Amino acid sequence: MTSVTEGAEQPVIRLWRLTKTYGEGEAAVQALRGVTLSVYRGDYVAIMGASGSGKSTLMSIVGCLDVQTTGRYLLDGIDVEMLYEDELSDIRNRKIGFVFQSFNLLPGSSALQNVELPLTYAKVRSGERRARALAALQAVGLDKRASHRPAMMSGGERQRVAVARAIAVDPSLILADEPTGNLDSVATADVLGIFAELNRQGRTIVLITHESDVAQHAKRVVRVRDGQLVEDTRLAPIVGPPPMPGLAGHELASVPR
Ligand code: ADP
Ligand code: MG
């Protein structure tokens, strides 16, 4: 990740006429109906749309958790459909950091152990694993709480642990599906502030939300309706910082670290 323009020739995500159909015959649901989209390194994209419009389906395919029915998907130029399952999980683990609405943390494990998990999958040795997990926790302001279990943390803190887990492997892409859906406004501002910082550092972010307040923090807003892209608006250039709407008020409200 030397410069933001370096990777500009090849998109991180390239979707071409992507469709996804669940089920068959009478019961078939066409969740995606021909989505063509490219996302370049350093961009910060908010995907908006009503419930049932296909946002999570899109995210599962982009995140290599599911495959399209027709069309093509290149991740960093790689046609993931052609990969074997072990190659796919390896790519998923190294290139993509996931953040979910429900945090998806292991409740019985400490924050540190949760953040170390993807590094374990990536076969990073224990000493380095610990150091990198602590650095990721520090990046979200929670290094002092490394030994705490998620049950002892607020929703906002849990989501920050989940963000630390997502960035621990230093992925080229962060995918977040309604990451602020379960958070109050202060915790939402906190998580969006962390995403803004991660994007400033050059990380590509795709964030799914149905809240336009949240989408205003991205550089580009893509709207999905009935499985199709119906709008694509750029709010800020790929190179440079993301917009920080309402920054002053949020900064005052955020937890000092
Ligand atoms: P969103 O995230 O925008 O709410 P989804 O991608 O979850 O939308 O869903 C899009 C459509 O696909 C919906 O009609 C939903 O009911 C359907 N769908 C999603 N996942 C499945 C599944 N595993 N099996 C069948 N239908 C599904
Ligand atoms: Mg969804």
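Let me sum up the structure you'll find in this document. These figures come from a predicted structure and were not determined experimentally. (Residues numbered from 1 in each chain as written. Chains lettered and ligands numbered in written order. Predicted model: local features only at pLDDT ≥ 70, side-chain atom pairs only at ≥ 80, totals over all residues.)

**Let's talk about the overall build of the protein**
- Of regular secondary structure, the protein possesses eight helices and ten strands.
- The C-alpha atoms of the protein give 18 Å as radius of gyration, which agrees with the globular expectation for 257 residues (18 Å, within 12%).
- Each principal axis of the C-alpha atoms in the protein carries an extent, and together these give about 50 × 40 × 40 Å.
- When each of the 257 residues of the protein is scored for burial, the buried share is 42%.
- When contacts within the protein are restricted to residue pairs at least 6 apart in sequence, those whose partners lie at least 24 apart make up 71%. (Helix = DSSP H or I, 4+ residues; strand = E, 2+ residues; numbered from the N terminus. Rg over C-alpha atoms; globule rule 2.2 N^0.38 Å. Buried ≥ 20, exposed ≤ 12 C-beta atoms within 10 Å, placed from the backbone. Contact = placed C-beta atoms within 7 Å.)

**With respect to the sheet that holds strand β2 (residues 29-39)**
- The sheet built from four strands is open, its strands ordered β2-β1-β4-β5 with antiparallel pairing. In this open sheet, the two strands that pair with only one neighbour each are β2 and β5 (78-79). (Pairing = 2+ DSSP bridges.)

**Considering the site of ligand 1**
- Neighbouring ligand 1 are Y22, G23, V29, A31, G49, S51, G52, S53, G54, K55, S56 and T57.
- Looking at the shell around ligand 1, the elements that each hand over two or more residues are β2 and α1 (55-62).
- No other element matches α1, which puts three residues into the shell around ligand 1. (Near = placed C-beta within 6 Å.)

**Regarding the sheet that holds strand β6 (residues 96-100)**
- Strand order in this open sheet of six strands is β6-β7-β8-β3-β9-β10, and the pairing throughout is mixed. Both outer strands of the open sheet, β6 and β10 (228-234), are each paired with one neighbouring strand and no more. Neighbour to neighbour, the strand axes of the sheet diverge by 15° on average, direction disregarded.
- Two elements, strand β3 (residues 44-48) and strand β8 (residues 204-208), share four bridges in a ladder whose sense is parallel. Residue pairing for β8: A46 is matched across the bridge by L207.
- Along the sheet face, helix α6 (residues 185-200) touches β3, β7 (173-177) and β8 and points at about 150° away from the line of β8. (Axes fitted to C-alpha atoms, helices over the stretch in contact; angles between N-to-C directions.)

**Things to note about the pairing of strand β1 (residues 13-22)**
- As paired strands, β1 and β2 are joined by eight bridges and run antiparallel to one another. If you follow L18 over to β2, its bridge partner there is V35.
- The antiparallel hairpin formed by β1 and β2 contains six residues in its connecting segment, where G23 sits at a positive phi of about 75°.
- Relative to strand β4 (residues 70-75), β1 is paired through five bridges, and the arrangement is antiparallel. Bridge pairing links T19 to T70 in β4.

**Some remarks on the environment of S185**
- Of note, S185 is situated in helix α6.
- With 61 residues separating them along the chain, S185 and G246 place their C-alpha atoms 12 Å apart.

**Some points on the pairing of β8**
- When you tally the buried positions in β8, you get five out of five residues, the bulk of the element.
- Side chains of β8 alternate between two faces, with T204, V206 and I208 and I205 and L207 buried alike.
- Where β7 meets β8, five bridges bridge the pair, whose relative direction is parallel. Across the sheet, L173 pairs through a bridge with T204, a residue of β8.
- The β-α-β motif built from β7, the intervening α6 and the parallel element β8 has right-handed crossover chirality. (Right-handed = clockwise from strand over helix to strand, strands pointing away.)

**So, the environment of E231**
- Within the secondary structure layout, E231 lies in strand β10.
- For the pair E231 and E87, spaced 144 residues apart in sequence, the C-alpha separation works out to 34 Å.
- Beyond its immediate stretch of four places on either side in the chain, E231 contacts V222 and R223.

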